[in-house]
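Residue strings, one per chain:
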Amino acid sequence: MKQLVVDHPLVTHKLTTLRSRDTDSPTFRRLTEELVTLLAYEATREIRVEPHRVQTPVAPCDGVKLSHPRPLVVPILRAGLGMLEGMTRLMPTAEVGFVGMVRNEETLQPTTYAERLPDDLSGRQCYVLDPMLATGGTLAATVQFLVDRGADHITCICLLGAPEGLHRMQDLLDDLQVPCTVVLAGVDERLNEQGYIIPGLGDAGDRLYGVVGDA
Ligand SMILES: O=P(O)(O)OC[C@H]1O[C@H](OP(=O)(O)OP(=O)(O)O)[C@H](O)[C@@H]1O
Ligand SMILES: O=c1cc[nH]c(=O)[nH]1
Ligand SMILES: [Mg+2]
C-alpha cells in the first residue's frame, strides 16, 4: 500500500479551517469539496488514458482521453457523499457506485446498510471517498467489497487518517496483494478511547449534514 500525504500550504490552510469547531456546516461542506479537488489532482496521477487526436482551429493535435472502462468513484455514505461533487467535477465521465456504512460507536465495528456497485469490477480503477480513516474498519470493509468484485487498482481519498487505521489498511492490503494508494490531507496523532481521531475534526458526517438523532 502506498500512502501519500499531500503536503501543500493551501491544503493545510483549508484543513485547519475545516477542523475548527467555529466552522459552520455550509463552510465545512464547501471546504470539503475544495480539499477533495486538490487531493484528487494527486490521487489521479496514475489514471489510465489512451491516445486521442483532436483538431485545434489550426492543426491536428495528439492528446489523450480517459480509458474505458471508465473509473468508478465510490463515496462511503454518509460523510463520503460530501466529497463526491469535488471529485466528479474533476472527472465528470466517471461512474459512481455507493456504499453505506455506519460505525457502531460502542464496538467501533462498521455495519453495511447500502451497497450499489457494479457486479464486475475487473479492469476498473476505483476511487473510494471517505473523509475519516479512524480504526480503518469502514475503509477496510469497502476495499474488501471492491476486491471481491474484481477491482485491481484502488485509490482511497481521505481528509484525515489515524496511524491505527493506516496500519490496519496496510495489513489488509498486504494480504490482498492489490495495488492501493491512500491519499490524505493529514495524518493525526492517535485515536481516543471513543475511536475519534485526535486532534481530528469531530464527527465528519454530523458536521456536514447535522446530527441525525431521535428528535
Ligand atoms: O475508520 P472507522 O473507525 O471505521 O471510522 C471511520 C468512519 O466513521 C465515520 O462514519 P460514521 O460511521 O460516523 O457514519 P456517517 O458517515 O453516517 O456519519 C467516517 O465517515 C468513516 O466512514
Ligand atoms: O474522528 C472521527 C472518527 C470517526 N468518524 C468521524 O467522523 N470522526
Ligand atoms: Mg459519523
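The name an unreviewed UniProt entry assigns to the protein chain is Uracil phosphoribosyltransferase, from the organism Microlunatus soli. Regarding the protein chain, the UniProt comment filed under Sequence similarities (unreviewed entry) reads as follows: "Belongs to the UPRTase family." Regarding the protein chain, the UniProt comment filed under Catalytic activity (unreviewed entry) reads as follows: "UMP + diphosphate = 5-phospho-alpha-D-ribose 1-diphosphate + uracil".

Let us look at the coordination of the magnesium ion (ligand 3). With distances of 2.5 to 2.8 Å, the protein atoms coordinating the magnesium ion (ligand 3) are D203 (OD) and D203 (OD). Of note, D203 is situated in the loop between β13 (197–198) and α6 (204–209).

The biggest cluster of nonpolar side chains holds 34 residues, and the ones touching the most others in it are L18, L39, V73 and M87. For this core, the elements supplying multiple residues, two or more each, are α1 (9–19), α2 (25–43), α3 (84–88), β8 (125–129), β10 (153–161), β11 (180–187) and α6. Tallying contributions element by element places α2 first for this core, with seven residues. Not counting residues up to four positions away in its chain, the partners in contact with L39 are V6, V11, I157, C158, L159, V183, L184 and A185. Counting 28 residues, the second-largest nonpolar core is a separate cluster that includes M101, I154, C158 and V182.

The contact between helix α4 (residues 137–148) and helix α5 (residues 163–176) brings their axes to 9 Å, and the two run at 20 degrees. By the angle between their directions, the pair α4 and α5 is classed as roughly parallel. Seen from above, α4 lies across α5 with right-handed handedness. Facing α4, whose interface residues are G137, L139, A140, V143, Q144 and V147, α5 presents R168, M169, L172 and L176. Partitioning the contact of α4 with α5 into residue classes produces seven nonpolar, two polar and one charged.

The local shell around ligand 1 holds 16 residues, among which R103, D130, T135, G136 and T138 are the closest. Between ligand 1 and R78, the relevant distance is 2.9 Å, taken from an oxygen atom to a side-chain nitrogen or oxygen of the residue. Contact between ligand 1 and A134: an oxygen atom at 2.9 Å from a main-chain N or O atom of the residue. Bound to the protein, ligand 1 loses 93% of the 500 Å² it would expose on its own. For ligand 1, the cavity whose grid points lie within 2 Å of the majority of its atoms is the largest pocket. Those elements that provide at least two residues to the shell around ligand 1 are β6 (98–103), β9 (132–133) and α4. Here the shell around ligand 1 takes three residues from β6, the largest share from any one element. Residues that form the shell around ligand 1 fall into these classes: seven nonpolar, five polar and four charged.

Strand direction decides the pairing type here: strand β4 (residues 72–77) and β6, joined by two bridges, are parallel. Looking at β6, one finds that L77 is bridged to G100. The sheet contact formed by β6 and strand β7 (residues 110–116) spans six bridges and is antiparallel. Note on β7: the bridge partner recorded for R103 is P110.

Here the focus is the UniProt feature "binding site: 5-phospho-alpha-D-ribose 1-diphosphate" (unreviewed entry) in the protein chain. Look at the UniProt record and you will see "binding site: 5-phospho-alpha-D-ribose 1-diphosphate" (unreviewed entry) annotated at R78, R103, D130, P131, M132, L133, A134, T135, G136, G137, T138 and D203. Cross-referencing the annotated residues with the lining of the largest pocket gives R78, R103, D130, M132, L133, A134, T135, G136, G137, T138 and D203. Residue placement: P131 occurs in the loop between β8 and β9. Of the residues examined, P131 reaches a relative accessible area of 2% and is grouped as buried.

Reading the values: the criteria
- Residues numbered from 1 in each chain as written.
- Chains lettered and ligands numbered in written order.
- Predicted model: local features only at pLDDT ≥ 70, side-chain atom pairs only at ≥ 80, totals over all residues.
- Heavy atoms only, no water.
- UniProt positions renumbered as here; feature names shortened; annotations may be inferred.
- Donors = N, O, S within 2.8 Å, 3.2 Å for Na, K, Ca; no water.
- Helix = DSSP H or I, 4+ residues; strand = E, 2+ residues; numbered from the N terminus.
- Core = buried A, V, L, I, M, F, W, Y, C linked by side-chain atoms within 4.5 Å.
- Buried < 20%, exposed > 50% of the residue type's maximum accessible area, 1.4 Å probe, protein only.
- Contact = heavy atoms within 4.5 Å.
- Axes fitted to C-alpha atoms, helices over the stretch in contact; angles between N-to-C directions.
- Parallel < 35°, antiparallel > 145°, perpendicular 65-115°, else oblique.
- Left-handed = near helix turned anticlockwise from the far one by under 90°.
- Nonpolar A, V, L, I, M, F, W, Y, C, P; charged D, E, K, R; others polar.
- Near = heavy atom within 4 Å.
- Polar contact = N/O pair within 3.5 Å; in protein donor to acceptor, adjacent residues only side chain to side chain.
- Areas by Shrake-Rupley, 256 points an atom, 1.4 Å probe, with all protein chains shown as cover.
- 1 Å grid on protein atoms, 1.4 Å probe; cavity = no way out; pocket = protein on both sides within 12 Å on 5 of 7 lines; lining within 4 Å.
- Sits in = over half its atoms within 2 Å of the grid points.
- Pairing = 2+ DSSP bridges.

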